[in-house]
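Architecture and fold: a report
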Amino acid sequence: MSEFLREHGEYVWVKPQNTSCEFAVPFGARIVRTEKTQTLVCDDANKQFWVPAGDVLKAMHLTSHEDVEDMITLGDLQEYTILRNLQTRYAKQLIYTYTGSMLVAINPYQILPIYTHREIQLYRNKKLNELPPHIFAISDNAFQRLQRHKENQCVVISGESGAGKTESTKLILQYLAAISGKHSWIEQQIIESNPIMEAFGNAKTVRNDNSSRFGKYIDIRFTPEGAIQGARIQQYLLEKSRIVFQSRDERNYHIFYCMLAGLTSAERSRLQLEEQSPSQYHYLAQGGSFTLPGKQDAKDFADIRAAMKVLSFKPDEVWCILSLLAAILHLGNLRFKATEVANLEAAEVDDNVNLQRVADLLGLATSPLNAALTQRTIFVHGEHVVTSLSKEAALEGRDAFVKSLYDGIFVRIVRRINDTIDKRPEAPVNSIGVLDIFGFENFDNNSFEQLCINYANENLQQFFVAHIFKMEQAEYQLEHINWQHIEFQDNQDILDLIGMKPVNIMSLIDEESKFPKGTDNTLLEKLHVQHGTRSIYVKGKTTQTSLFGIRHYAGVVMYNPLGFLEKNRDSFSSDLRNLVQRASNKYLVDIFPHEMPMDTAKKQPTLSIKFRNSLDMLMRTLSQAHPYFIRCIKPNEYKEPNNFDKELCVRQLRYSGMMETARIRRAGYPIRHAYRAFVERYRLLVPRTGPLDQCDCRLLARQICEAALPADADRQFGRTKLFLRDEDDTLLEAERSRIMLKYIVTIQKGIRRVLFRRYLLKYRQAILTVQRYWRGRYQRQRYQTMRRGFHRLGACIAAQQLTTKFTMVRSRTIKLQALCRGYLARKRFALELTAKRQQHKELKRVQEQELLRLRTEQAEKEQLRLKAEQEQLRLKQEQEKQAQQRQAEEQQRLREQIAARNAIAMSAVQQPKRTKSIKRTEQPVLPAPTLQARMSLPPPPPMSPIIITPMAGRPSSSAAGTNGKAVETPGYESSKQIVDDVFGFLNDEPDVSGPLGPNVKEKSLLFERELRLRKDIPKKLLSRPVNYYEAAPRKIVNQTRL
C-alpha cells in the first residue's frame, strides 16, 4: 500500500459500506494510515474510519480531486465521479454544473444571491464555457443561437417533483425579458403572468411547498431585432381532484388561502365568507396545513391583483372569478341528508344557508339548484326520466361540478392571459419555448393523475433519449463518419403499453368509461388479462390487492384504479350543465360550452384523449426546435438546505440517463455545421474566395479547418455536415472574432479620428474660455485672501495686548489671594489646636474620676466580702463546737453505762486484776466472762467512732500535751484501733447517696485542711500508708461526713 500511495497519491475510491441498497455507489476518500488488513480513510465529511484493505478500489484521477465545472472534462467518467463532483460543488453552494451543453441544477432550498442584474449583464453574449455554469448561460446561448441561425429553440426542464423546475422557468423568463432588444410592456406582462399561474395552478404537496399541479409550455416569440414580440401559454392536465381532496400535510391551490387572507372585511361580507380561517371550509381543511413558512398569503393576493391589472383583467372580471371561488368554498360546506322516497335512497340539502349563498354567487335560483344537486335526468328510449340521487351520489355530483367549475376558471384565465400577450406577428418569427411540466411522481396512493403525469414524463424521457442518443447516432451513421456505438435504455415499450400500441392502458380506460356498467374493478381485470404477461406490467402482490403497476424509467409505480373511470369521463351532471346555461352570471355561462345533444354524449372526448392529443402536439412542437436540457436534482426529501442525500441523487441521475449523456457528449461531436453555412460564417479565416455558388463548400470548409485549427484536431467531414468538438468550435469562434475585431477596429479608427478632431476643436475653445474666467476668478480670490489676512493680523495684535494686560492683573490677584488664604488658614489652625487641647484635658480628667470611682466601689465590695466570710466562719466554728460538746457528752454517758454494766457482770465472776502501767495509765482489762455470763448479758451498743473536731486556730501546748508527746485517749487499746476509729468510714458500707456525692471534692479539701492542723497522732498511724480516695465509701450513722 505504501508503493500504491507513492505512485498514485492519497485520494482513492472506496467500496460503499451499505451494500444492501441498490443505489449505493463507491465514495471518494483520503488515506490517512494503512495496515496489513485494513486502512484508515477520511471521507469528504472529514470523518475517519477503518475499512478493509480490499475495499479500496483504485486511485482517484487527478481531475476528480477538485470539483470541475464541466463533467465532460473528468478523466474518469463514472457514476460515482459525477456524484462526488455534484456533491462537492453543492457543499460550496455551486448548484449548477455542465455536462457538455446540458445543465444540471440542484435545488438549494434557500435563496442565493446569484440572480441579480449583475449576473444578467455578466452572462450576456458569453459562450457556454466562458463563465461558471449558470442557468443564465443556457438562456443566453438559446437566444444567441436564435439570432444566429434563425431557428426555433426550446428549453426542456425536467426532474422530479420538488427539484426546482418552476423556479428555473421563472429565471429563464426573467433573463429573456432582460436581454431582449428593448424593454416594452409585453415583457412585463409575461413576467406578471407567473404569479397568476402559480396561484391558480400550484399547491403544497408532501415533497414540495410550491408544486406545479399542471404542465405549461411558454412559447416566447422574438422579432428579427431580438425584441420580444409576444408569447403564448399552453397548459396541460390540471390536477382537479385536489380541489375536493387533499392528503395529510397538503394544501389546496394557493389562490383560496390568498383570497381569504387578502380580502377586506367588506369584500368578504359581499362574498358571504364569514370565516377568514381556512379551517372553517371543508375543501381547505382536509390536509391540516394552512400556512407555509416564508409565504405571506395577504401580500401574494395583492401581487395577484396587481398582476391581473397589468394583464388587462377588468375589475368586473376579477370580481366574477372571486365570486366563483367563494361559491366553490360554500359548495364544500354544503351538507346533504339521506332520505327515502318510494322505498328508494334519496338525498336532500340539509344546509339552506350555504345553498342560498351558492345560488346568489352563481346567479341561479335556489329551487332549481337544489333539484339539480339531488336529482338526475337520464334519457331512456327517447324520454327524460328523473331519478333521485343517494347521499353518496349527491356528494360525488357536487364534487364533479366543483372540479369542472375550477378547471373552467383556470382555462378561462389562461385564455385571457393569451389574449393579452399573444400578439399575432405580421411576418414569421422565431421563438424560444420553455417547458415546465410536472415531474415524475410516485406516492403512497397513485391515481389517474399520476398515470397521466408519468406518461408525459416517459414521452419527455424518450424525447431526451431520441435527441441525445438515437438522433445523434443515426445522424453520425447517415453522414458516414466513424462512430462507436453506445448502448442506452429505451423506454419505447413503456410508451406502447400506456398509450401508443393498440389495446393500451389508456384505450382500455376509455373503452371501460363508455360502458354503462363499467367499474374500476372490471377495468383492473381487463388490464390483468391483456397485459398481465408483460415484464413491464406488475400485478398486485395478492388477488385481493386492487392495484396494478408499471416499470417506468424511474422505477416501479403502483396505481390504484379506484376513481379512474370517473376522472377519465371528466363530466358532471347534465342537469347542472343545463342550469348553468341559464345563469345570470355571464362569466359562468362563458366558462362551460353549450350542452351537446344527448345522443352524442358518448362521443365526447375523455380526459385521456384530450391529454394525449395535447401531449402529441407538445412533442411535435419540441421536435421542430433545437433543444436545451436542464436536469433538476432534488438533494433530499426533507426540503432542507445543505443536506445531500447520495442515494436519492444517484437514483435521479441513473433514471435521467446522465451516464449515457456524459459518455456520448464526451466521445461525440456536439457541434455540427452544414458546409455552406460553415463557409458563410468562417470564410473570413482564409484568403478572399469567389461567390459561394461557384465554389466547392466542402473543400473550402476543409481549407478553413486546416488554416484555423491545429493539425491534430479531431474533426469529421460528413456527406453534408462538418462535425467538430466543442474546443474546435471555440477556436473557430475566437479566430473569427479576432479577425472581425481587427476590421472593426480599422473602421473605428477613421471614424473616431474625425469625431475626436471635432471634439478637440470644440472643447479647446471651451477650455480657453474657462481658463480666462478661471484666471480672473483666481486673482479676485487671491485679493480677498490677502484682505482677510490683514484684518486677521490686526485682530491678532489687539488680542495679544489684551492677553498681556489680563495676564498681569490675573497674576497679582492670585498672589493677593494666596496671602489672604494663608493668614486665614493659620488663624483657623491656631483656634482648632487650642480647642483640641482643651478637649483632651477635659477627657483625661473625666477618665481619672471614673477610674477612682471604680476603685472605690471595688474596695467596698472586697470589704463586704471579707466581713461576710468572717461571719460565716465564726458561725461555722460555733456550730462545730456545739456539736463536739454534744458528742463528747453522749460518748461519756455511753462509756459510763458500759462500764457500769461490765463492772456488774465481771464482779459476779471474779475480781479484776490490777496491772501496772509502764508508760501510761491503761484501761483495766477485765477477765473474759464465762459462757453463761456472756449469754446473760445484753448486746453491747454500737461503737461510735471518734469525732475529730477541727480547731479554729493553732492548738496550744496544753491541748496537745507536753513536750510534743501524743495525748493518750482512754478507751483505746492500740494504735490500730485508733486508726480504724478515725478512718473507718473509708472501708464501711457504701453511702446511700452513691459512690461519691456531689460534695466529695469539697469534703476532701476540708479533710486535707484539718489534717494539716497540728494533731497528736501515733507514730504507727503516720507510718501506715492510707489511700483516702480509693477506699470504699461507708454508710455514716449518727455522724457528720467530712
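Attention in this report is confined to the structure presented alongside it. This is a predicted model, so every value here is computed, not measured.

Another point: the overall build of the protein chain. Counting its regular elements, the protein chain contains 32 helices and 24 strands. Counting only residues that meet the buried cut, the protein chain has 42% of its 1042 residues in that class. Carbon and sulfur atoms provide 54% of the accessible area of the protein chain, an area that totals close to 60,700 Å².

Looking now at helix H27 (residues 726–907). With 182 residues, H27 should cover 272 Å at 1.5 Å per step; its first-to-last C-alpha distance of 171 Å lies more than 12% under that length. In this structure, the buried residues of H27 make contact with helix H4 (135–149), strand E22 (671–674), helix H25 (675–682), helix H26 (697–708) and strand E24 (721–724).

In terms of burial, strand E3 (residues 38–43) is largely enclosed, as five of its six residues are buried. Taking the residues between adjacent antiparallel strands as the criterion, strand E2 (residues 27–34) and E3 are bridged by three residues. Pairing of E3 with strand E4 (residues 48–52), which is carried by five bridges, proceeds in the antiparallel orientation. Within E4, the position partnered with Val 41 by the bridge is Phe 49. Connecting the antiparallel pair E3 and E4 is a turn made up of four residues, with Asn 46 showing a positive phi of about 60°.

Right, let's talk about the pattern of salt bridges for a bit. Scanning all chains against the criterion turns up 42 salt bridges. Residue Glu 151 pairs with Arg 145 through a salt bridge whose shortest N-O separation is 2.9 Å. A salt bridge links Arg 251 to Asp 297; its shortest N-O distance comes to 3.8 Å. Linking Arg 251 in the loop between strand E12 (228–236) and helix H7 (254–262) with Asp 297 in helix H10 (residues 297–310), this pair joins segments that are 46 residues apart in sequence. Classification of Arg 251 as buried rests on a relative accessible area of 0%. Here the salt bridges do not stand alone but share partners, grouping Arg 213, Glu 239, Arg 242 and Glu 250 into one network.

This part takes up a negative patch on the surface. A cluster of acidic residues, Glu 340, Glu 345, Glu 392 and Glu 396, forms a negative patch on the protein surface. Inspection of the secondary structure puts Glu 392 in helix H14 (residues 391–421).

Taken together, Phe 756, Tyr 759, Leu 760, Tyr 763 and Ile 767 make up a surface patch of nonpolar side chains, about 520 Å² in accessible area. The topology assignment puts Ile 767 in helix H27. Overall, Ile 767 belongs to the partly exposed group, its relative accessible area being 46%.

Grouped together as the largest cluster of nonpolar side chains are 186 residues, with contacts concentrated most on Phe 200, Phe 256, Leu 325, Tyr 406, Ile 409, Leu 622 and Ile 630. The element best represented in this core is H14, accounting for 12 residues. In this structure, Ile 409 is in contact with Phe 200, Ile 321, Leu 324, Leu 325, Ile 328 and Ile 591, ignoring residues within four places of it in sequence. Grouped together as the second largest cluster of nonpolar side chains are 20 residues, Leu 692, Ala 701, Phe 717 and Leu 732 included.

What counts and how
Residues numbered from 1 in each chain as written. Predicted model: local features only at pLDDT ≥ 70, side-chain atom pairs only at ≥ 80, totals over all residues. Heavy atoms only, no water. Helix = DSSP H or I, 4+ residues; strand = E, 2+ residues; numbered from the N terminus. Buried < 20%, exposed > 50% of the residue type's maximum accessible area, 1.4 Å probe, protein only. Areas by Shrake-Rupley, 256 points an atom, 1.4 Å probe, with all protein chains shown as cover. Expected span 1.5 Å × (residues − 1). Contact = heavy atoms within 4.5 Å. Pairing = 2+ DSSP bridges. Salt bridge = Lys/Arg side-chain N within 4 Å of Asp/Glu carboxyl O. Patch = residues over 30% accessible without salt bridge, like charges linked within 9 Å, V, L, I, M, F, W, Y side chains within 5 Å. Lys, Arg positive; Asp, Glu negative; His and termini not counted. Charge placed at Lys NZ, Arg CZ, Asp CG, Glu CD. Core = buried A, V, L, I, M, F, W, Y, C linked by side-chain atoms within 4.5 Å.

Treat this as a map of the structure, not an account of what it does.
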